[in-house]
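Tertiary structure, described
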Amino acid sequence: MTAPARPDTEVIFDPATYTTGVPFAALARLRRDRPVAWTAEIPVLGWPEGPGFWLVLRHADVESVLRRPDLFSSALGATQIRDPATPQALDYVRRMMLNMDPPEHSRLRRLLSRSFTPRAVARLEDRIRGHARAICDRVFTGPRGECDFAKDVAADLPLLTLADVLGVPDQDRWLLFDWSNRVIGYQDPDYASSAEFDPATGTAMAREALSVRPVPDAGGRMPDPRTREGMPDLYAYAHLLAERKRRRPGDDVMSILLAQPDEGGVSVAEFENMFWLFAVAGNETLRNGLPGACIALLEHPRAQAELRADPALLPVAADEMLRWWTPVMTFRRTATQDCEVSGQPIRSGEKVVVSFTSANRDETVFADPDRFDIRRQPNPHLAFGHGPHFCLGAHLARTQMRALFAEVLARTSALAYAGPPSYLRSNFQRGVKRLPVAWTA
């Protein structure tokens, strides 16, 4: 006797689903039949049952939700599907820009936007291209070889770029890797207690911060990384870094931010929370977007050959890589009053979760949406979000995507799988843990 088929909403919600790939067929059925679908929060991975949420699947509806913070709040219940465990935990995450509504969000975003001065951005672009060359110099040596593209190639470029943005010494950058693993990968046992950083190679500042790093309990579980208590080492490092920058400012974005006197400037607590946001969100999207783009090329050898023949296609191709992969799959809002989305009544206080993965495959917006088309224009994908929370780092992310693949494709005549990829157990990030690749020079 075969087990009854699970509802599409349950398959989509279950983090374990994504270890074998995104359930595109289930998303397409719902997008067609129930574009705003009630989704039960079943108990998974030791987490209790939740109250459920409305899953928004069509491109136009996702845009509509994201551009109306007065109706769909980032602050009321924060932006993760699961509710914070306690009122104190909710209060903590509300201090991050990601979980703010206007006018608080608008003020911090203005200060941060002004810190990305044209001079600072030009310097970052130059350094990104240099980092991409250095990474490929290290990996692609000899006539042929194999590498883990996710770890050996894709992981380091966002870390080096973030270190430049934040003014973090290069030798401490793998701290950012561990922190983002712990936060984004809390649903995955391989990542929940990540410890790739070697204290012996880092600064005294890093060693001081690591002295307060939490350790797993008797059952092997780490404290919830979405609470301040779960990430004391990150906050200790951010505090030390802010003190150092106020004493000896550099030309990095965070030094510029801390030096701004208007609008009350940025407090130490605000800096620490911005550091968390950049260290985690700023790293994770591209760290998974780069191997995702590589998978697109591995599965489409003709596109790979066309990009080698005409590198001028890369700017357009980079946006298609982001659409096709869509690293951040969902974000949550909370209804501030009774309302409707696409005719579906929604009550005040209910969760509304937008699916970027579904919106980026919406047949009414993208012709033949499952096809990887490196010439696709226009390409109004939502990989960087939409509305007041549109990703501040979108330009730098595109620069990294173009710079890395310009180097990879120029140095290789062929890329192929050297083994099966391993995917993150998460219903939030479309993560790639391992990507064995064989290359020919």
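These notes cover the structure that comes with them. (Residues numbered from 1 in each chain as written. Predicted model: local features only at pLDDT ≥ 70, side-chain atom pairs only at ≥ 80, totals over all residues. Heavy atoms only, no water.)

**So, the sheet that holds strand E2 (residues 50-56)**
Reading across from one edge, E1-E2-E8-E5-E3 is the order of the five strands in this open sheet, with mixed pairing throughout. At either margin of the open sheet sits one strand with a lone partner, and together these are strand E1 (36-41) and strand E3 (72-73). Pairing analysis gives five bridges linking E1 to E2, with the strands arranged antiparallel. When the bridges of E2 are listed, Val36 appears paired with Val56. Contacts from helix H3 (residues 59-66) reach E1, E2, E3, strand E5 (330-335) and strand E8 (351-355) within the one sheet, and its direction differs from that of E8 by about 130 degrees. (Pairing = 2+ DSSP bridges. Helix = DSSP H or I, 4+ residues; strand = E, 2+ residues; numbered from the N terminus. Contact = heavy atoms within 4.5 Å. Axes fitted to C-alpha atoms, helices over the stretch in contact; angles between N-to-C directions.)

**Describing unusual backbone geometry**
Of the consecutive residues Pro102 and Pro103, the connecting peptide bond is found in the cis state with omega at 5 degrees. On the secondary structure map, Pro103 appears in the loop between helix H4 (87-93) and helix H5 (104-115). Following Gln377, the chain continues into Pro378 via a peptide bond in cis, with omega recorded as -5 degrees. On the secondary structure map, Pro378 appears in the loop between helix H16 (356-359) and helix H17 (394-411). With a phi close to 70 degrees, Ala78 is a non-glycine residue in the positive phi region. The backbone phi angle of Ser342 is positive, close to 55 degrees, even though this residue is not glycine. Within the element layout of this structure, Ser342 appears in the loop between strand E6 (339-341) and strand E7 (344-346).

**Describing the sheet that holds strand E9 (residues 414-417)**
Pairing in this open sheet of three strands is antiparallel, and the strands run E4-E12-E9 from one edge to the other. Taken across any chain shown, the strands that pair with only one partner, and hence form the sheet edges, are strand E4 (144-148) and E9. Strand-to-strand twist across the sheet, computed as the mean angle between neighbouring axes with direction ignored, equals 25 degrees. Examined bridge by bridge, E9 and strand E12 (residues 436-440) share four bridges and lie antiparallel to one another. Considered in E12, the bridge of Ala414 is made with Thr440. Here helix H13 (residues 268-299) sits on the sheet in contact with E9 and E12, set at roughly 100 degrees to E9.

**Section: the pattern of salt bridges**
Evaluated as defined, the whole model comprises 30 salt bridges. Ionic pairing is found between Arg371 and Asp368, a salt bridge with its closest N-O pair at 3.0 Å. A relative accessible area of 40% places Arg371 in the partly exposed class. Ionic pairing is found between Arg411 and Glu407, a salt bridge with its closest N-O pair at 3.0 Å. Pair noted here: Arg411 and Glu407 are both in helix H17, with a separation of four residues, about one helical turn. The exposure class of Glu407 is buried, given its relative accessible area of 18%. (Salt bridge = Lys/Arg side-chain N within 4 Å of Asp/Glu carboxyl O. Buried < 20%, exposed > 50% of the residue type's maximum accessible area, 1.4 Å probe, protein only.)

**Quick look at the packing of aromatic side chains**
Summed over the entire model, instances satisfying the criterion amount to 17 aromatic pairs. With centroids separated by 5.7 Å and ring planes inclined at 65 degrees, the aromatic side chains of Trp179 and Tyr237 adopt a geometry described as edge-to-face. With Trp179 in helix H9 (residues 173-184) and Tyr237 in helix H11 (residues 232-247), this pair connects stretches of sequence that are 58 residues apart. Taken as a pair, Trp179 and Tyr237 share a single burial class, namely buried. By the ring-pair criterion, three or more aromatic residues cluster together here, those being Trp179, Tyr237, Phe271 and Phe275. (Phe/Tyr/Trp six-rings, centres within 6.5 Å; stacked < 30°, edge-to-face > 60°.)

**Side note on the nonpolar core**
By size, the foremost hydrophobic cluster in this structure holds 124 residues, and its most contacted members are Phe149, Tyr237, Phe275, Trp276 and Phe405. Broken down by element, the residue count for this core peaks at 16 residues, all from H13. In contact with Phe149, not counting residues within four places along its chain, are Ala154, Leu290, Pro291, Cys294, Leu404, Phe405, Val408, Leu435 and Val437. Counting 16 residues, the second largest nonpolar core, distinct from the first, contains Phe13, Ala37, Leu57 and Met329. (Core = buried A, V, L, I, M, F, W, Y, C linked by side-chain atoms within 4.5 Å.)

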